[in-house]
Structures are given as structure tokens and as C-alpha cells.
Amino acid sequence: IKISFQETDKAIKILVLDSGSGIKSEISKKIFEPFFSTKKDGHGTGLGLSISKKLAHQQNGDLCLDSSLANTCFVLVLPK
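Residues numbered from 1 in each chain as written. Predicted model: local features only at pLDDT ≥ 70, side-chain atom pairs only at ≥ 80, totals over all residues. Heavy atoms only, no water.

## Let's talk about the sheet that holds strand β4 (residues 73-79)
Taken in spatial order, the four strands of this open sheet run β1-β2-β4-β3, and their pairing is antiparallel. Two strands bound the open sheet, and with one partner strand each, they are β1 (2-7) and β3 (62-65). Within the sheet, the average angular offset between the axes of one strand and its neighbour, ignoring direction, is 20°. As paired elements, strand β2 (residues 11-17) and β4 share seven bridges and run antiparallel to each other. What sits directly across from I14, in β4, is L76. Those strands touched by helix α2 (residues 48-58) are β3 and β4, and its axis lies near 135° from that of β3. (Pairing = 2+ DSSP bridges. Helix = DSSP H or I, 4+ residues; strand = E, 2+ residues; numbered from the N terminus. Axes fitted to C-alpha atoms, helices over the stretch in contact; angles between N-to-C directions. Contact = heavy atoms within 4.5 Å.)

Following this line, the structure appears as C-alpha cells:
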């Protein structure tokens, strides 16, 4: 996992990149939905990303998946 930061005049971006093969497009469309999970029943609730995105929005920021990269990269944007 690689964590990097980018700063603009208005925001700070925190990028979390892994070395995996990325997330399939059919899954990436659903990952921020509450209760969506690729895990078997009883092995997770699928709330982590939806709650994290909601918290980012409450701070006038955002959480998204950067699908332009070969690896999985989540980007958290927070205003200064």
C-alpha cells in the first residue's frame, strides 16, 4: 500500500494505492452503496465505504475510486 498526498489552494487529496489488479467496473459502480459487499454472508456488512463517503461529504469533501490506474486507488478529498 502506498499513501500519498496532493495539495491545491482549496483542498488536500489523500491517495491510497495498492498493488492489486484494480476493481472490476461492474463492482466499482456499487462499492459505495450501503450493504454492498463481495464477501460471503456473515463476513462483513458492506458499510465501510458508504459510511466513509458520507463522512467525507459531511466535511464538504469526497471519497472516490480513481479507476484510471491499473491498481486500486481511493482518493479522499478534504477542503482546507
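## As for unusual backbone geometry
Unlike most non-glycine residues, F35 shows phi in positive territory, near 75°. F35 gets classed as exposed once you look at its relative accessible area, which sits at 62%. The phi dihedral of N60 falls on the positive side, at around 60°, and the residue is not glycine. Considering the arrangement of structural elements, one finds N60 in the loop between α2 and β3. For N60, a relative accessible area of 68% puts it in the exposed group. (Buried < 20%, exposed > 50% of the residue type's maximum accessible area, 1.4 Å probe, protein only.)

Purely geometric stuff here, so don't read any function into it on its own.
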